[in-house]
Amino acid sequence: MQDDFSENLSSLVSTELALYNELAFLVQKEGELVKSGDMEGLLAILAEKQDVISRQELVQEGWNNICSGLGISEGRDGPVFWEKVASLLGTDGADVLKESLAVIRDTAGAVLEDELKVQALLEDHVEELRKEMLRINKGKKAVRGYTRSGGSFR
């Protein structure tokens, strides 16, 4: 039981960290695509990000299953979880898990910061697109007004 538990935890930790690292790469790529104005590439990256997020949800389900298996409902951040982990893995095993989760938390925080920067950049570009659309719309209105007043482009 203890070996299976340890292996399950190790698998969840490594999978979760890998997914956050993948997400970090995709957010970086997203920023580059926003800067270059590559909307097709941006849409593809957004689809890839959604896939990663879906896989992260599966990892979260894995954590929920671990907690349920331990008979707790508070999740991995609560004291009861850590008491159970320490009783199964020992203090050293619990400390290693805490360190691993701290790395994941730091990575997730960095991804969130980068994501917020990309969102701000995207909002800046959306404003540019809106201005361009307004300019085009005004041009169309001017053309319609010109032709209604009897003007011709021939």
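Residues numbered from 1 in each chain as written. Predicted model: local features only at pLDDT ≥ 70, side-chain atom pairs only at ≥ 80, totals over all residues. Heavy atoms only, no water.

(A) Layout of a positive patch on the surface. Residues Lys138, Lys140, Lys141, Arg144 and Arg148 make up a contiguous surface patch of positive charge. Relative to the helices and strands, Arg144 resides in helix H3 (residues 79–148). (Patch = residues over 30% accessible without salt bridge, like charges linked within 9 Å, V, L, I, M, F, W, Y side chains within 5 Å. Areas by Shrake-Rupley, 256 points an atom, 1.4 Å probe, with all protein chains shown as cover. Salt bridge = Lys/Arg side-chain N within 4 Å of Asp/Glu carboxyl O. Lys, Arg positive; Asp, Glu negative; His and termini not counted. Charge placed at Lys NZ, Arg CZ, Asp CG, Glu CD. Helix = DSSP H or I, 4+ residues; strand = E, 2+ residues; numbered from the N terminus.)

(B) The packing of helix H1 (residues 2–36) against helix H2 (residues 39–69), seen in detail. Where H1 meets H2, the closest approach of the two axes is 9 Å, and the angle between their N-to-C directions is 160 degrees. Between H1 and H2, the angle is such that the two are roughly antiparallel. Of the two elements, H1 crosses H2, and the hand of that crossing is left-handed. Taken together, the residues that form the contact of H1 with H2 break down as 18 nonpolar, five polar and seven charged. (Axes fitted to C-alpha atoms, helices over the stretch in contact; angles between N-to-C directions. Parallel < 35°, antiparallel > 145°, perpendicular 65-115°, else oblique. Left-handed = near helix turned anticlockwise from the far one by under 90°. Nonpolar A, V, L, I, M, F, W, Y, C, P; charged D, E, K, R; others polar.)

(C) Region of the structure containing the pattern of salt bridges. Counted by the stated rule, this structure contains six salt bridges. For the salt bridge of Glu22 with Arg55, the shortest nitrogen-to-oxygen distance reads 2.9 Å. Of this pair, Glu22 sits in helix H1 while Arg55 sits in helix H2, and the two are 33 residues apart along the sequence. Taking relative accessible area as the criterion, Glu22 reaches 30% and is therefore assigned partly exposed. The partner of Arg105 in a salt bridge is Asp77, with the nearest N and O atoms 3.9 Å apart. (Buried < 20%, exposed > 50% of the residue type's maximum accessible area, 1.4 Å probe, protein only.)

(D) Quick peek at the nonpolar core. Counting residues in each nonpolar core, the largest one holds 31 residues, and the members touching the most others are Trp63, Phe81, Val85 and Leu97. Counting only elements with at least two residues in this core, the list comes to H1, H2 and H3. Leaving out residues up to four positions away in the same chain, Phe81 has contacts with Trp63, Ile66, Cys67, Leu70, Ile72, Glu74, Gly75, Arg76 and Leu97. (Core = buried A, V, L, I, M, F, W, Y, C linked by side-chain atoms within 4.5 Å. Contact = heavy atoms within 4.5 Å.)

(E) Representation of the packing of aromatic side chains in the model. Inspection of every chain in the model, using the stated rule, returns two aromatic pairs. Judged by centre distance (6.4 Å) and plane angle (70 degrees), the rings of Trp63 and Phe81 are edge-to-face. On the criterion of sequence distance, the pair formed by Trp63 in helix H2 and Phe81 in helix H3 is long-range, its members being 18 residues apart. Both residues of the pair, Trp63 and Phe81, count as buried. These aromatic residues form a ring-pair network of at least three members: Trp63, Phe81 and Trp82. For Arg76, the ring lying beneath its charged end belongs to Trp63, and the centroid distance is 4.7 Å. The ring of Trp82 carries the charged tip of Lys98 above its face, separated from the ring centre by 5.3 Å. (Phe/Tyr/Trp six-rings, centres within 6.5 Å; stacked < 30°, edge-to-face > 60°. Lys NZ or Arg CZ within 6 Å of the ring centre and 35° of its normal.)

(F) Fine view of the confidence of the model for the chain. For the chain, per-residue confidence averages 88 on the pLDDT scale, and residues scoring 70 or more make up 92% of the total. No element of the chain has a lower mean pLDDT than H3, which averages 86, and none a higher one than H2, which averages 94. (pLDDT = per-residue confidence, 0-100.)

(G) Focus on H2. With 31 residues, H2 ought to run about 45 Å at 1.5 Å a step, and its terminal C-alpha atoms sit 45 Å apart, in line with that. Of the positions making up H2, those classed as buried are Gly41, Leu42, Ile45, Lys49, Val52, Gln56, Val59, Gly62, Trp63, Ile66 and Cys67. One or two steps after H2, the chain reaches Gly71, where phi turns positive at roughly 80 degrees. (Expected span 1.5 Å × (residues − 1).)

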